[in-house]
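Each chain, written out:
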Amino acid sequence: MLYQDRPECYLNQLFERTRGEPLQEVLRQIPAEIGKIRIFEKKTRQGMSWIDWKMRWNQDMRVRKTGNDGEDMIQLIFFLNHGMNWEVEGKEKQIYMDAGECCIYRDTKASSTGDYQGGAELMFKNIQIPAGIFCEWMEEVLDDRGRRKTQQVLQELRKTMITPEMYRVIRELETMDQYKNGLSSLYLEGKIIELLTVFLDAVMPSLSGPEKKRKLSKTDLEILLGIKERIDRDSADVPGIAQLAREVHVSPSKLSKGFKELTGLSLHAYVIDRRLSHAAKLLEEGEMNVSEAAMCSGYSNMSHFSAAFQKKYGVLPREYPDRKC
C-alpha cells in the first residue's frame, strides 16, 4: 500500500483530501504502521481551545498540511519533552523549537510543513484563541505601545523558555475535569487567560515591569526537564530523590529546590499527582479494576491509594464516575 512504501506522500494526500474536516477525525485515519497520534481537546464557550498532543512517528517524517481559509487564531504551543522544526507559509525563517520552549504566533491557517523525528514521542500542549477575542483583550488592557509590541511578537513568531509559572498553570489545567455541570468550561477559560498572561509577561517583560532574573540556569533546567519527562513517562517507577540526584550529579537539596521552582510542587508530590492521574485514566478506560489500576500506577498499599485518590478527585476509586469494581 502507499502508506507502507511512501508514508509521507500518504499523509500529505490525506491532509489535502480532508481539508476542512475536524482535525481529530483526520488523525483517526492515520494507519498504525505510520505512527500513533492522540489528541485531547477541550473548548470554552468563547471558542478557545486547550489541546493535549501526543504523537510518535515510526520513522522520520516531513508532513505538509494545507491551510484552511477563513480561520484566524492566536496559537500558543508548549513543547514539553521534545522539539521539532517547521515552516509556515508567509514566515521568512524556519522555526526551530527545543524541549522546554514555547512560542506564540498568529495563524491564519496558512500551509505548513513539519519535520518530526521517528521513534520519539512528542508531547506538547496547545492553546488556540480566536484572533478577534485576543485583539479585544489587548485593546482593553494595553496602551498603544503595548499593542504595537504585541502585534510585532505575533508576526515574528516569538519563542521563550517555559517558565515555572507556565508549568504550574499547565499542571492545573489538567485538573479541569474535577469541575462538573459546565464549571469546567469556566475554569478552563480562566486558566487559558492566566497562562496567556504569564506567557506574555515572560516574552515581553517590559509590559509589566523590569525583566526578571532567571533563577534556573539552562543546564539546571535541562536536568529538571529530563527528570520531569521521566516521571511523566513512567511515574510508577521513579527512584527516591537521593538516587535521582546521584544519577544527574547534583545534590538532593538542589534537585528538590529546583524541581519545586520548576513545577510548583515538591518532587514527591508531583510523582503522586502523576500516579493518581494515570490511575484515573486506567479506570476511565474500563479495562482494569481498582486494584489493578493501583498496582499499575505504583501503589502496593490500597488504603494509601484510596486516601490519596479521594483527596485528589473527591471520591473513592470505586466511586469514580462510571466505574465499578
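Cut-offs and rules
- Numbering of residues starts from 1 in each chain and follows the order in which that chain's sequence is written.
- Totals for whole chains, interfaces and linings use all residues, but because this is a predicted model, local features are given only for residues with pLDDT of at least 70 and pairs of side-chain atoms are given and counted only at 80 or more.
- Hydrogens and water are ignored here; the side-chain numbers use all heavy atoms of the structure.
- For helices, the axis comes from a line fit to the C-alpha atoms of the stretch in contact; other axes are also lines fit to C-alpha atoms, and the angle between any two N-to-C directions lies between 0 and 180 degrees.
- Counting from the N terminus, the helices are the DSSP runs of H or I reaching at least four residues and the strands are the DSSP runs of E reaching at least two.
- Under this scheme an angle from 65 to 115 degrees is roughly perpendicular, one under 35 degrees roughly parallel, and one over 145 degrees roughly antiparallel; angles in between are oblique.
- Between two residues, a contact is recorded if the distance between any of their heavy atoms is within 4.5 Å.
- Classification used: nonpolar for Ala, Val, Leu, Ile, Met, Phe, Trp, Tyr, Cys and Pro, charged for Asp, Glu, Lys and Arg, polar for all others including Gly.
- Here, strands pair whenever DSSP counts at least two bridges between them.
- We call Phe, Tyr and Trp rings a pair once their centres come within 6.5 Å, taking the six-membered ring for Trp, and we label the pair stacked below 30 degrees between planes, edge-to-face above 60, and tilted otherwise.
- Residue exposure (1.4 Å probe, protein chains only): buried if accessible area is under 20% of the type maximum, exposed if over 50%, otherwise partly exposed.

The name that an unreviewed UniProt entry assigns to the protein chain is AraC family transcriptional regulator, with the source organism given as Candidatus Anaerostipes avistercoris.

A short note on the packing of helix α9 (residues 241–248) against helix α10 (residues 252–263)
Where α9 meets α10, the closest approach of the two axes is 9 Å, and the angle between their N-to-C directions is 100°. The orientation of α9 with respect to α10, classified from their angle, is roughly perpendicular. Contact residues: α9 offers I241, A242, L244 and A245, while α10 offers P252, L255 and S256. The residue makeup of the contact of α9 with α10, split by class, is six nonpolar, one polar and no charged.

Regarding the sheet that holds strand β2 (residues 49–57)
Taken in spatial order, the six strands make up an open sheet running β1-β2-β9-β4-β7-β10, and their pairing is antiparallel. Whereas interior strands pair on both sides, the edge strands pair on one side only; in this sheet they are β1 (35–43) and β10 (158–161). Neighbour-to-neighbour, the strand axes of this sheet turn through a mean angle of 20°, independent of strand direction. Summarising the sheet, β1 and β2 pair through nine bridges and their orientation is antiparallel. Looking at the pairing, K43 lines up with S49 of β2. Along the sheet, helix α4 (residues 131–141) makes contact with β4 (73–79), β7 (101–107) and β9 (121–130), crossing β9 at roughly 70°. Here helix α7 (residues 183–203) sits on the sheet in contact with β1, β2, β4, β7, β9 and β10, set at roughly 105° to β7.

A short note on the sheet that holds strand β8 (residues 112–116)
With antiparallel pairing, four strands are arranged side by side in an open sheet as β3-β8-β5-β6. Only two strands of the sheet have a single neighbouring strand rather than two, namely β3 (61–65) and β6 (95–97). Across this sheet, the average inter-strand angle for adjacent strands is 20°, counted without regard to direction. Bridge analysis of β3 against β8 gives five bridges, and the strand direction is antiparallel. Across the sheet, residue R64 finds its bridge partner in β8, namely T113.

A few points about the packing of aromatic side chains
Counted by the stated rule, this structure contains ten aromatic pairs. Taking 5.3 Å as the distance between ring centres and 15° as the angle between the ring planes, the aromatic pair formed by W53 and F124 counts as stacked. Of this pair, W53 sits in strand β2 while F124 sits in strand β9, and the two are 71 residues apart along the sequence. There is no split in this pair, since W53 and F124 are both buried. Their ring planes at 55° and their centres at 6.2 Å tell us that W86 and Y105 sit as a pair that is tilted. Taken as a pair, W86 in strand β5 (residues 84–88) and Y105 in strand β7 lie far apart in primary sequence, 19 residues in all. For the pair W86 and Y105, one class covers both residues: buried. Of the aromatic side chains, those joined through ring pairs into one cluster are W53, F79, W86, Y105 and F124.

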